[in-house]
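Coordinate inspection notes
In case you want the letters, here they are:
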Amino acid sequence: MRMYDIIKRKRDGGELSDEEISFFIDGYVSGEIPDYQASALCMAVFYRGMSLRETTALTMAMVRSGDVVDLSRIPGIKVDKHSTGGVGDKTSLVVVPLVASLGVRVAKMSGRGLGHTGGTLDKLESIPGLSVSMDRTRFERIVSEVGCAIIGQTGDLVPADKRLYALRDVTATVDSIPLIASSIMSKKIAAGTDRILLDVTCGSGALMKTLDDALDLAQEMVSIGECVGRTSVALVTNMDRPLGYCIGNALEVAEAVSTLRGEGPKDLTDVCVELAATMAFLVGLGEMDVCRSLVRDQLAGGLGLAKLKEIVAAQGGEASLLDDACDSLVAPRPSREVTADRDGYLFAMDTERCGLASVALGAGRAKKDDAIDHSAGIVLVAKPGAAVRAGDVVATLHAASDPLLDEGERLFRSALDIRHERPKDAPLIYARVSGLGVERRAARRSPKGREAGPSPDGPVPRP
């Protein structure tokens, strides 16, 4: 078998066998296949695509490239959640403890932020003492006793993905649905959970900019899960605006705590309830309406927040600081208000630019080894749909210095689109994708014609 023939077959639109795909992954991880041949195959896949059988074979070959976590010693059905990333997306900090408070075991492996998207691990590390690195024995013990642990990916888990993703990142082959799907699903399958919930974000702040692409990716990942015996469901969610009002690590932890108290922004709360209810449904706690009620009861009773404190304490963090997270976790920083430059409606907010503004303020990374300022970030005052007058505050920026505030303000202002007309309402959740197919959602409206989602003209909850 020769790599040259494999590249040529895919270049010409042919379908690769399972053996050819395994040959490629095994050879690339061992170093026998050089980067230039691997990049050539990735580019051929970028243009020619892959069948579901090929993508599943690629996924499982990547899973076999390293360790596979065995969670069979932990009782009950284990579930995991993955988001394709966004701005202000602190849903895991809310959803995971809510689900765990229902007695469900959540074995969560998360990532760090890079570029305009934030990372769950960075947000958690704004809590003093909390560790997201631990050996497998401790991870299993915390999941079994507390109901959940949130850790980073171990070095031996799916090494093929680490190598391939780094290569795709520098060869303009990241935006390939088969390669994205196999990258995500290989890590979820290797993590050893029984059920998988996928939050596929869509819009200006997401990897998938269009609904069609987001649906394609969601269907591909769900199909892979079903093919290998891991029941999977995907929700396609709106990332054309930041989720909630806070962007930045400690700020987002504070907003997640507020949400677990039942005081969070409506858009964040509604999305988290749907995600948590879907996870509860996946493990058999009832039909979706029943699971939504269960989740909202946990919120109302503060049980999700109590569980988050347990998780933080089990991972070495100072859980008592969550009692007043905004003051305890967010260190004082120089701040600057950004105001509207004209009367009208905030018609749109380029969410990717908002994320890049937070990176410029110090809240994120442009490169993997960049340090981050956990207290830097953005607190929004207005979101798309809000009526504004010239001079009204749209957001407050937080950073360590005036030069950082200057660059953050420049980028944030470039994200704002103020017009005379109000934007049309859009749903928070576009679709639900399962093994049964695609269920599309429409924007739900109140009797006044407003979307039953975020309330952009309403008061902004203090995080």
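A quick note: this is a predicted structure, and the numbers were derived from the prediction, not measured.

Turning to its location among the elements, S101 is positioned in the loop between α5 (91–100) and β2 (105–110). Once residues lying within four places of it in the same chain are set aside, the contact partners of S101 are Q298, L303, G304 and K307.

Parts of the prediction with low pLDDT should not have their coordinates interpreted in detail. Across the protein, the average pLDDT comes to 90, with 94% of residues at or above 70. Throughout residues 444–463 the model reports pLDDT below 50, and contacts reaching past four residues in sequence, or to other chains, amount to 54 contacts.

What follows deals with helix α12 (residues 266–282). Each turn of an α-helix holds 3.6 residues, which means side chains three or four residues apart point in the same direction. Here α12 is 17 residues long and its end C-alpha atoms lie 24 Å apart, about the 24 Å a rise of 1.5 Å per residue gives. Within α12, 15 of the 17 residues are buried, which leaves the element mostly enclosed by the surrounding structure.

Before going further, it helps to examine the nonpolar core. Counting residues in each nonpolar core, the largest one holds 123 residues, and the members touching the most others are F24, F139, L198, V200 and V236. The dominant element in this core, judged by the number of residues it contributes, is α12, at 10 residues. Contact partners of L198, with chain neighbours within four places excluded, come to H82, I184, M185, M221, V222, V233, A234 and L235.

Right, let's talk about the pattern of salt bridges for a bit. Under the definition given, this model contains 38 salt bridges. Note that R336 is salt-bridged to D402, the shortest N-O span being 4.0 Å. Here the residue R336 occupies a position in strand β7 (residues 335–339), and D402 occupies one in helix α17 (residues 402–415), the gap between them amounting to 66 residues. A salt bridge links E409 to R336, with the nearest nitrogen and oxygen atoms 2.9 Å apart. Residue E409 is found in helix α17, and its partner R336 is found in strand β7; the two are separated by 73 residues along the sequence. The buried category is assigned to E409, whose relative accessible area is 17%.

Attention now goes to the sheet that holds strand β14 (residues 437–440). Pairing within the open sheet is mixed, and its seven strands lie in the order β3-β2-β1-β4-β5-β13-β14. The open sheet has two edge strands, β3 (148–152) and β14, and neither has a second partner. Direction aside, the axes of adjacent strands within the sheet are offset by 20 degrees on average. As paired elements, strand β1 (residues 78–83) and β2 share two bridges and run parallel to each other. Counted as the bridge partner of K78 is R105 from β2. On the sheet, helix α10 (residues 211–227) packs against β4 (195–202), β5 (231–238), β13 (429–434) and β14 and is oriented at approximately 165 degrees with respect to β5.

Turning to the packing of aromatic side chains, a few remarks are in order. According to the stated counting rule, one finds two aromatic pairs in the structure shown. A centroid spacing of 6.2 Å and a plane angle of 15 degrees characterise the contact between F24 and Y28, whose relative ring orientation is stacked. Highlighted residues: F24 and Y28, both in helix α2 (residues 18–30), separated by four residues, approximately one helical turn. Note on F24: relative accessible area 4%, which makes it buried. By relative accessible area, Y28 is classed as buried at 3%. Positioned above the aromatic ring of Y28, the side-chain terminus of R163 is 4.2 Å from the ring centre. The ring of F347 is capped by R419, whose NZ or CZ atom sits 3.9 Å from the centre of that ring.

Across the interface, helix α1 (residues 3–11) lies against α2 with an axial gap of 11 Å and an inter-helix angle of 120 degrees. Taken together, the axes of α1 and α2 are oblique relative to one another. As α1 runs across α2, the sense of the crossing is left-handed. Together, M3, I6 and R9 of α1 and E20, F23 and F24 of α2 make up the contact between the two elements. The residue makeup of the contact of α1 with α2, split by class, is four nonpolar, no polar and two charged.

Moving on to the sheet that holds β7. Read across the open sheet, the four strands follow the order β6-β9-β11-β7; overall the sheet is antiparallel. Of all strands in the sheet, those with a lone pairing partner are β6 (246–247) and β7, marking the two edges. In this structure, strand β9 (residues 377–380) lies alongside strand β11 (residues 393–398), joined through four bridges in antiparallel fashion. Considered in β11, the bridge of V379 is made with T396.

To continue, consider a negative patch on the surface. A cluster of like negative charges, contributed by D175, D212, D213 and D216, occupies part of the molecular surface. Tracing the backbone through its elements, the reader meets D216 in helix α10.

We now examine the side chain of K90. Structurally, K90 can be placed in the loop between β1 and α5. Since its relative accessible area comes to 1%, K90 is described here as buried. A polar atom in the side chain of K90 sits 2.8 Å from the backbone oxygen of L243. A polar contact of 2.6 Å, which involves the side chain of K90, links it to the side chain of E255.

Definitions and limits used
- Residues numbered from 1 in each chain as written.
- Predicted model: local features only at pLDDT ≥ 70, side-chain atom pairs only at ≥ 80, totals over all residues.
- Heavy atoms only, no water.
- Helix = DSSP H or I, 4+ residues; strand = E, 2+ residues; numbered from the N terminus.
- Contact = heavy atoms within 4.5 Å.
- pLDDT = per-residue confidence, 0-100.
- Expected span 1.5 Å × (residues − 1).
- Buried < 20%, exposed > 50% of the residue type's maximum accessible area, 1.4 Å probe, protein only.
- Core = buried A, V, L, I, M, F, W, Y, C linked by side-chain atoms within 4.5 Å.
- Salt bridge = Lys/Arg side-chain N within 4 Å of Asp/Glu carboxyl O.
- Pairing = 2+ DSSP bridges.
- Axes fitted to C-alpha atoms, helices over the stretch in contact; angles between N-to-C directions.
- Phe/Tyr/Trp six-rings, centres within 6.5 Å; stacked < 30°, edge-to-face > 60°.
- Lys NZ or Arg CZ within 6 Å of the ring centre and 35° of its normal.
- Parallel < 35°, antiparallel > 145°, perpendicular 65-115°, else oblique.
- Left-handed = near helix turned anticlockwise from the far one by under 90°.
- Nonpolar A, V, L, I, M, F, W, Y, C, P; charged D, E, K, R; others polar.
- Patch = residues over 30% accessible without salt bridge, like charges linked within 9 Å, V, L, I, M, F, W, Y side chains within 5 Å.
- Areas by Shrake-Rupley, 256 points an atom, 1.4 Å probe, with all protein chains shown as cover.
- Lys, Arg positive; Asp, Glu negative; His and termini not counted.
- Charge placed at Lys NZ, Arg CZ, Asp CG, Glu CD.
- Polar contact = N/O pair within 3.5 Å; in protein donor to acceptor, adjacent residues only side chain to side chain.

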